[in-house]
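# Residue-level structural notes
Below are the chains, spelled out letter by letter.
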Amino acid sequence: MPRTADLLPLAVAVPLLGAVALVVVGRRLPRPAIDALVTAWAVLEASCLTWLWLRTGDGRSVSWLGGWSPVHGESVGIVLVGDRIGVGLALLTAVLVLAVVVYSWRYFDEPPVAHAGTFPALLLLFEAGMVGFALTGDLFDAFVFFELMGAVAYALTGYRIEDPRPVQGALVFGVVNSLGAYCSLLGIGLVYARTGELGFAQIGVQLARHRADVLLSVAFVLIVTGLLVKAAVVPLHFWLPDAHSVAPTPVCMLFSGVMVELGVYG
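Overview of the structure. (Residues numbered from 1 in each chain as written. Predicted model: local features only at pLDDT ≥ 70, side-chain atom pairs only at ≥ 80, totals over all residues. Heavy atoms only, no water.)

## What about the overall build of the protein?
Basically, it comes down to this: Every helix listed is a DSSP run of H or I at least four residues long, and every strand listed is a run of E at least two residues long, numbered separately from the N terminus. A radius of gyration in this sense is built from C-alpha atoms; the matching globule rule multiplies 2.2 Å by the number of residues raised to 0.38.
Helix and strand content of the protein: 10 helices and 2 strands. For the protein, the N- to C-terminal ordering of α and β elements is α-α-β-β-α-α-α-α-α-α-α-α. Expected size for 266 residues packed as a compact globule is a radius of gyration near 18 Å; at 19 Å, the protein falls within 12% of this value. Its C-alpha atoms give the protein principal-axis dimensions of roughly 60 × 50 × 30 Å.

## Thoughts on a nonpolar patch on the surface
The test is simple: Only residues whose relative accessible area exceeds 30% and that form no salt bridge enter a patch; like-charged residues are grouped when within 9 Å of one another, and nonpolar side chains (Val, Leu, Ile, Met, Phe, Trp, Tyr) when within 5 Å. In these tables, accessible area is a Shrake-Rupley quantity obtained with a 1.4 Å probe, and a residue counts as shielded only by the protein chains included in the view. Salt bridges are defined by distance alone: a side-chain nitrogen of Lys or Arg within 4 Å of a carboxyl oxygen of Asp or Glu.
On the surface, Leu-171, Val-175, Leu-179 and Tyr-182 cluster together into a nonpolar patch covering about 450 Å² of accessible area. The topology assignment puts Tyr-182 in helix H6 (residues 164–195).

## What about the packing of helix H4 (residues 118–135) against helix H10 (residues 249–265)?
To keep things clear, this is the line we draw: Think of each axis as a best-fit line through the C-alpha atoms, taken over the contacting stretch in the case of a helix, with angles from 0 to 180 degrees between the N-to-C directions. Orientation categories follow fixed angle ranges, with anything under 35 degrees roughly parallel, anything over 145 roughly antiparallel, 65 to 115 roughly perpendicular, and all other angles oblique. In this scheme the crossing of two helices becomes right-handed for a clockwise turn of the near helix relative to the far one and left-handed for an anticlockwise turn of less than a right angle. Any two residues whose heavy atoms approach within 4.5 Å are treated as being in contact. For this classification, Asp, Glu, Lys and Arg are treated as charged, while Ala, Val, Leu, Ile, Met, Phe, Trp, Tyr, Cys and Pro are nonpolar and the rest, including Gly, are polar.
Direction vectors running N to C along H4 and H10 enclose 20°, while the axes themselves pass 11 Å from each other. By the angle class used here, H4 and H10 are roughly parallel. Classified by chirality, the crossing of H10 by H4 is left-handed. In this structure, H4 uses Phe-119, Leu-123, Phe-126, Met-130, Phe-133 and Ala-134 to contact H10, whose residues at the interface are Val-251, Leu-254, Phe-255, Val-258, Met-259, Leu-262 and Tyr-265. For the contact of H4 with H10, the per-class residue count stands at 13 nonpolar, no polar and no charged.

## What about the pattern of salt bridges?
Two side chains that carry opposite charge are able to pair once their charged atoms sit near each other. Selection rule: When a residue's accessible area, from a 1.4 Å probe over protein chains only, is under 20% of the maximum for its type it is buried; when over 50% it is exposed; and in between it is partly exposed.
Summed over the entire model, instances satisfying the criterion amount to 2 salt bridges. Residue Glu-147 is joined to Lys-230 by a salt bridge in which the shortest nitrogen-to-oxygen separation is 3.4 Å. With Glu-147 in helix H5 (residues 139–157) and Lys-230 in helix H8 (residues 214–230), the pair connects residues that are 83 residues apart, well separated along the chain. Arg-194 is the salt-bridge partner of Asp-213, the closest N and O atoms lying 2.6 Å from each other. A residue pair is termed long-range when its members are at least 10 positions apart, and Asp-213 in the loop between helix H7 (200–207) and H8 and Arg-194 in helix H6 qualify at 19 residues. The exposure class of Asp-213 is partly exposed, given its relative accessible area of 27%. Judged by its relative accessible area of 26%, Arg-194 is partly exposed.

## Thoughts on the packing of aromatic side chains
Heads up, the rule is: Note on aromatic contacts: the rings of Phe and Tyr and the six-membered ring of Trp form a pair at centre separations within 6.5 Å, being stacked when their planes are under 30 degrees apart, edge-to-face when over 60 apart, and tilted otherwise. A positively charged side chain is recorded as over a ring if its NZ (Lys) or CZ (Arg) lies within 6 Å of the ring centre. The angle to the ring normal must also be within 35 degrees.
Counted under the stated rule, the structure contains 5 aromatic pairs. Here the aromatic rings of Phe-133 and Phe-146 are separated by 4.3 Å at their centres, their planes lie at 10°, and the arrangement is stacked. Of this pair, Phe-133 sits in helix H4 while Phe-146 sits in helix H5; the two residues are 13 residues apart in sequence, bridging distant segments of the chain. Of the residues examined, Phe-133 reaches a relative accessible area of 7% and is grouped as buried. A ring pair is formed by Phe-173 and Phe-255, whose centres lie 5.5 Å apart and whose planes are at 80°; its orientation type is edge-to-face. One end of the pair, Phe-173, is in helix H6; the other, Phe-255, is in helix H10, and 82 residues separate them in sequence. For the pair shown, Phe-173 and Phe-255 are each scored as buried. Taken together, the aromatic side chains of Phe-126, Tyr-154, Phe-173 and Phe-255 make up a single cluster linked through ring pairs. A cation sits over an aromatic face here: Arg-84 above Trp-53, 3.9 Å from the ring centre.

## Examining helix H9 (residues 239–246)
So the rule is basically this: Note that the arc is defined by the directions from the helix axis to the C-beta atoms.
Buried within H9 are the following residues: Trp-239, Ala-243 and Val-246. One face of H9 carries all of its buried residues, which in axial projection span an arc of 80°. Among the structural elements, H5, H6, H8 and H10 are those in contact with the buried residues of H9.

Given below as structure tokens:
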């Protein structure tokens, strides 16, 4: 039986591999086969996270990818951390993605012939970004997962490119969220300059040795600004009406059901 920590990388890898499979074989399979395949991947991801949530309990599991564990308290590796809240949010994401996948069976009369697997592949990439953000224990990787989520969200918003309105909504969505992302990245750079660390635990240890100053305050404001943009908190919510008015209904379920909440969680 695998250790609980071994399931953490699998929770991110499953939707990524599913997206690759759909892109590769999507043009060769009929619509029912594509629906069955993406549903199977969504069920597999939900099952993996359910098992992880049941085994996490009130404790915490940590997985250093590639075996790059800290040396003398200093780290350079990618770390995933599973606790009750993080795994619970990841599980909520998986359940909602499964619901969106099933709903999409009827939502689209017929996907584009040349890109039949594109929409479900984007959904799985979106899921990978959201699950990775919920489970990461590293500040920079949290930014990477959030921006993966954002880039896919722009594509899903403007999915119906034959209509100019979704393209315009996706453009507004992308510009506003990219500005927030630049703020977060600048703040992360300031934190790294002060602490020399990116892991949450290691940053906490380093910051405990410093008194709060202007640099740390600016870094905090910049990082939180990017998260509040994703969370659509007033007055940083301008992208939300444009995106919701043009995005496919299944995608709106994920925007309001998970992505906004993950911004608050961040």
